[in-house]
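# Results of the structural survey
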Amino acid sequence: MRKFGLVFVLLALVPCVVDAQARRPRADLHERATEWAPVDQSMAELLDAGWKIVAYNNYQTEMFEQNENAFSFILQNGNKYIICMLDNPSINDTNSKCRALN
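Conventions adopted
Residues numbered from 1 in each chain as written. Predicted model: local features only at pLDDT ≥ 70, side-chain atom pairs only at ≥ 80, totals over all residues. Heavy atoms only, no water. Core = buried A, V, L, I, M, F, W, Y, C linked by side-chain atoms within 4.5 Å. Buried < 20%, exposed > 50% of the residue type's maximum accessible area, 1.4 Å probe, protein only. Helix = DSSP H or I, 4+ residues; strand = E, 2+ residues; numbered from the N terminus. Contact = heavy atoms within 4.5 Å. Patch = residues over 30% accessible without salt bridge, like charges linked within 9 Å, V, L, I, M, F, W, Y side chains within 5 Å. Areas by Shrake-Rupley, 256 points an atom, 1.4 Å probe, with all protein chains shown as cover. Salt bridge = Lys/Arg side-chain N within 4 Å of Asp/Glu carboxyl O. Disulfide = S-S within 2.5 Å. Pairing = 2+ DSSP bridges. Phe/Tyr/Trp six-rings, centres within 6.5 Å; stacked < 30°, edge-to-face > 60°.

The next subject is the nonpolar core. Among the nonpolar cores identified, the biggest contains twelve residues, and these are V39, M43, L46, W51, F71, F73, L75, I82, C84, L86, C98 and A100. Of all the secondary structure elements, the ones that give two or more residues to this core are helix 2 (43–48), strand 3 (68–77), strand 4 (80–87) and strand 5 (96–100). The residues touching A100, leaving out its near neighbours within four places in the chain, are E35, W36, A37, V39, Y81 and I82.

On the surface, L47, I53 and Y56 cluster together to form a nonpolar patch covering roughly 280 Å² of accessible area. Note on placement: Y56 falls in strand 2 (residues 52–61). When its relative accessible area of 48% is taken as the criterion, Y56 is described as partly exposed.

One pass over the full model with this rule turns up one disulfide. The residue that forms a disulfide with C84 is C98, at a sulfur-sulfur distance of 2.1 Å. What sets the handedness of the C84 and C98 disulfide is the S-S torsion sign, and at about 110° it is right-handed. Of this pair, C84 sits in strand 4 while C98 sits in strand 5, placing them 14 residues apart in sequence. Accessibility expressed as a relative area gives 6% for C98, which makes it buried.

All right, on to the pairing of strand 5 then. Two faces make up the sheet, and in a regular strand the side chains alternate between them. Pairing geometry for strand 1 (residues 37–38) and strand 5, over two bridges, is antiparallel. By the bridge assignment, P38 is partnered in strand 5 with R99. Two elements, strand 4 and strand 5, share five bridges in a ladder whose sense is antiparallel. Bridge assignment links I83 to a residue of strand 5, and that residue is R99.

Another point: the environment of L75. Within the fold, L75 resides in strand 3. Judged by relative accessible area, which is 0%, L75 ranks as buried. Sequence separation of L75 and M43 is 32 residues, and the distance between their C-alpha atoms is 8.7 Å. Each residue touching L75, except ones within four places of it in the same chain, is listed here: M43, L46, L47, W51, K52, I53, K80, Y81, I82 and C84.

As a further point, take the packing of aromatic side chains. Applying the stated criterion across every chain yields a total of two aromatic pairs. For the ring pair Y56 and F71, a centre distance of 6.3 Å and an interplane angle of 20° mean the geometry is stacked. Residue Y56 is found in strand 2, and its partner F71 is found in strand 3; the two are separated by 15 residues along the sequence. Taken together, a centroid distance of 5.2 Å and an interplanar angle of 40° make the contact between Y56 and F73 tilted. Of this pair, Y56 sits in strand 2 while F73 sits in strand 3, placing them 17 residues apart in sequence. By relative accessible area, F73 is classed as buried at 12%. What links up through ring pairs into an aromatic cluster is the set Y56, F71 and F73.

Here's what the structure looks like:
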């Protein structure tokens, strides 16, 4: 009789365990680690060192009264890639933020 009670309790717990497993967030199988490490050089220094621009994008934010422009560049040197971003640049006055992609 004791074994029947134990089996009954275990069977009663199965739906709870299954429900908890179903609610657990699952890892996206398509996610992969990307280095995304800050680069010590500016975009100008990278270009002077032989890096080449292989992709470019610009976009304008419209969330505030003053629209801001932002630019992103992907640079390549051999099999290494870096992304550099320029936020709201003005003539002769801008800072780049660059990060390694691999």
